[in-house]
Amino acid sequence: MRVVSGIQPTGNLHLGNYLGAIQNWVKMQDEGECLFFLADLHAISMPIDAAELSAGTREMAAALIASGIDPDRSTLFNQARVPAHAELQWLLSGTARMGWLNRMTQFKDKSGKNKEGASIALFAYPVLQAADVLLYNATHVPVGEDQKQHLELARDIAEKFNTDTGTETFVLPEPYIGATAARIMSLRDGSAKMSKSDVSDMSRINLADDADAIAKKIRKARTDPDPLPDTMDGLAERPEARNLVTIYAALAETDPDAVLADFAGKGFGDFKPALADLTVSVLEPISANFNALKDDATTLDSILQAGAEKAAATGAPILADAYRALGLLSGR
Ligand code: TRP
């Protein structure tokens, strides 16, 4: 099992990223060989400030390490340090079809009304994502629901490339939706995903928040006056309540019905303080590690560089196969 996954280097990791992806990545380190990267090349598909991008990339690396990604066990790097990602993207661009990319919902969402003004990179984004995983013959790719379509596309590209070239250059990767991967919503609006781009900082819990800030955000989280039911079915029409129970269960690494078995009949006056204590107990050590590491650019850069060298060595034979399969005389 070879696990490959990436995350955009937005800086500022929040509870949604942690419970939706990172916690799962940390566990996967026990199950297979893992490569994790900061998708800085993907970040330039949208307008971005250069200084913010480099700071965000280091900050996200610090957050991943603080959360338990161990650079001695896993290969941790940023895409831009491994030119093979960009190279393979070009090779795959001969295989990917306009029609396939036109169906990608993320492109439709991100480009909005102004399709003509969208960057080529935004359109080709899923081809780079395919290169990210095919470069390493990934067998399992942990992704959230919203990235499943991109992974399907990676499989389509791999399959067509192999067929067209009459080779078995690429392994078809499986999406891996982890057992604990939770979809965490805003604390202010149970229908919107927790996001770093939400204007209200009260909508999310940041990895860098201290215990007081966490307790305050949970105390002020939107809820309703009703007591908690004894199963999740009873929360179908109560998105904010459901979100808080989901967060509790994900942090406690148990299932939401088990949480409700303990809290059935109680109101948020009881539930919120318990949730705040649990959140602080999980995040406190992570945020301490994060704060100790986040400004140490020298250490972070050397970790990312070492990871990039390992990744490049792993990807090199597969990239060479791809050149060869296409009849490109690359000298590799
Ligand atoms: N597009 C992914 C996201 O926004 C990040 C990503 C880039 C990724 N390359 C990847 C995820 C390869 C999995 C595999 O979440």
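Residues numbered from 1 in each chain as written. Predicted model: local features only at pLDDT ≥ 70, side-chain atom pairs only at ≥ 80, totals over all residues. Heavy atoms only, no water.

### So, the site of the ligand
- Close to the ligand lie 13 residues, the nearest being His-42, Tyr-125, Gln-129, Asp-132 and Gln-147.
- Here a nitrogen atom of the ligand sits 3.0 Å away from a polar atom, N or O, in the side chain of Gln-129.
- Side-chain polar atom of Asp-132 to a nitrogen atom of the ligand: 2.7 Å apart, as the coordinates give it.
- Protein chains shield 88% of the accessible area of the ligand, which is 370 Å² for the free molecule.
- For the shell around the ligand, the secondary-structure elements that each account for two or more residues are strand E1 (2-7) and helix H7 (120-134). (Near = heavy atom within 4 Å. Polar contact = N/O pair within 3.5 Å; in protein donor to acceptor, adjacent residues only side chain to side chain. Areas by Shrake-Rupley, 256 points an atom, 1.4 Å probe, with all protein chains shown as cover. Helix = DSSP H or I, 4+ residues; strand = E, 2+ residues; numbered from the N terminus.)

### Looking at a negative patch on the surface
- Residues Asp-230, Asp-233, Asp-255 and Asp-257 make up a contiguous surface patch of negative charge.
- Mapped onto the elements, Asp-233 comes out in the loop between helix H9 (211-220) and helix H10 (239-252). (Patch = residues over 30% accessible without salt bridge, like charges linked within 9 Å, V, L, I, M, F, W, Y side chains within 5 Å. Salt bridge = Lys/Arg side-chain N within 4 Å of Asp/Glu carboxyl O. Lys, Arg positive; Asp, Glu negative; His and termini not counted. Charge placed at Lys NZ, Arg CZ, Asp CG, Glu CD.)

### Things to note about the pattern of salt bridges
- For the structure shown, the criterion picks out 16 salt bridges.
- Among the ionic pairs, Asp-321 bridges to Arg-324, the shortest N-O distance being 2.9 Å. One end of the pair, Asp-321, and the other, Arg-324, are both in helix H13 (residues 297-325), 3 residues apart, so they sit about a helical turn from each other.
- For Asp-321, a relative accessible area of 33% corresponds to the partly exposed category.
- Taken together, the shared-partner salt bridges in this structure form one network comprising Asp-201, Arg-204, Asp-209 and Lys-217. (Buried < 20%, exposed > 50% of the residue type's maximum accessible area, 1.4 Å probe, protein only.)

### Describing the domain arrangement of the chain
- Under the domain assignment used here, the chain contains domain 1 (2-181 + 296-325) and domain 2 (209-292).
- In this assembly, 10 residues from domain 1 lie in contact with 9 residues from domain 2.
- Summing the contributions of domain 1 and of domain 2, the shared interface buries around 890 Å²; its carbon and sulfur component is 73%.
- Interface area lost by domain 1 to domain 2 is led by Leu-15, Leu-19 and Ala-66, which between them contribute 47%.
- Applying the counting rule to domain 1 against domain 2 returns 1 salt bridge.
- Elements with a contribution of two residues or more to the side of domain 1 that touches domain 2: helix H1 (15-28) and helix H3 (50-67). (Domains from an automatic or database assignment. Contact = heavy atoms within 4.5 Å. Buried area = accessible area lost by both parts, 1.4 Å probe.)

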